[in-house]
Amino acid sequence: MELSLAHPALKAFMCGSLSGTCSTLLFQPLDLVKTRLQTLHSSMQPGSGRVGMLTVLRSVVRTEKLLGLWKGISPSFVRTIPGVGIYFSTYFSLKQHFFQEGRPGALHAVLLGGGARTVAGVFMLPVTVIKTRFECGRYSYQSVTGALRSVCRTEGPAALFSGLMATLLRDVPFSGIYVMFYSQTKASLPKEISSSASAPLANFGCGVMAGILASLITQPADVVKTHVQVNPQLRTAEAIRIIYTEHKLQGFFRGAVPRALRRTMMAAMAWTVYEQMMAQMGLKS
């Protein structure tokens, strides 16, 4: 089947998958550092000093070499390539169905982004669980398929959906808030910029602004999600209590800097690449 004859939703899937592949490869080290920061609590002694992003970065490079920063890249790819594709194809389909004649408003943008992320998040949650475990350094999985078999054999298939509520509480608001800010800031750009050769750079800047805001708002849910997926016996409410007991409110913002950097840059790059590829195919993203 020629690409030009493919269904528009399939084209959106392929564009999203390629954009997600590029952004994941570039920013995986930030995700690993974020996960290590969020899971340090169990190995830290009471009264030990503050451990920051650069400390973790140096520790990983010293003990696991430079390539250790890309530990977990396999499950990240397994999650991102279909996951971002599902997200963008769902977003495109919803937008075409409900807003074919006009531009979505702010609330509609929240619903579009949140709806697309819900579909992609539920489908890809088992791989997300495996990815988190790869990155935290506590498990010695050799491959994604081996990790899936090990979890199903020792903990049961339900463990692959641990942290579902925390994941949705993190990803759905992030996506909704991101799409709202991104679409609104893009719409406010002067026409001479949005129609010029520098439009992709301007759109990337809009994506960075939207990503920072969305990341900060959803950071507490990300910390809770990581704890639940690394320790599947924990319930969401129990994880919240433990984080607050051990680290107070600042515990919910552990790993905020690497996550904000990664999520912001990944989302901005993914949307910019996606929109440019869709435009090349003659489709309105």
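Computed from a prediction, not measured in an experiment: that's the story for all the values here.

## A word on empty space enclosed by the protein
Across all of its chains, the model carries two cavities of 30 Å³ or more by this definition. Taken as a whole, the largest cavity holds about 530 Å³ of empty space. Taken together, 31 residues make up the lining of the largest cavity; nearest its centre are Arg 79, Val 84, Arg 117, Arg 263 and Met 266. Going through the elements one at a time, helix H1 (8-38), helix H3 (73-98), helix H4 (106-136), helix H6 (164-187), helix H8 (199-230) and helix H10 (256-280) are the ones with two or more residues in the lining of the largest cavity. Looking at the lining of the largest cavity element by element, the count peaks at seven residues for H10. Its residues assigned to classes, the lining of the largest cavity shows eleven nonpolar, eight polar and twelve charged.

## A look at the confidence of the model for the protein chain
Across the protein chain, the average pLDDT comes to 85, with 94% of residues at 70 or higher. Confidence scores differ between elements of the protein chain, with helix H7 (residues 191-194) showing the lowest mean pLDDT of 85 and H6 the highest of 90.

## Describing the environment of Phe 92
Relative to the assigned elements, Phe 92 resides in helix H3. In contact with Phe 92, not counting residues within four places along its chain, are Pro 8, Ala 9, Ala 12, Tyr 274, Met 278 and Lys 284.

What counts and how
- Residues numbered from 1 in each chain as written.
- Predicted model: local features only at pLDDT ≥ 70, side-chain atom pairs only at ≥ 80, totals over all residues.
- Heavy atoms only, no water.
- 1 Å grid on protein atoms, 1.4 Å probe; cavity = no way out; pocket = protein on both sides within 12 Å on 5 of 7 lines; lining within 4 Å.
- Points joined across faces, edges and corners; volume = space filled by probe spheres on them.
- Helix = DSSP H or I, 4+ residues; strand = E, 2+ residues; numbered from the N terminus.
- Nonpolar A, V, L, I, M, F, W, Y, C, P; charged D, E, K, R; others polar.
- pLDDT = per-residue confidence, 0-100.
- Contact = heavy atoms within 4.5 Å.

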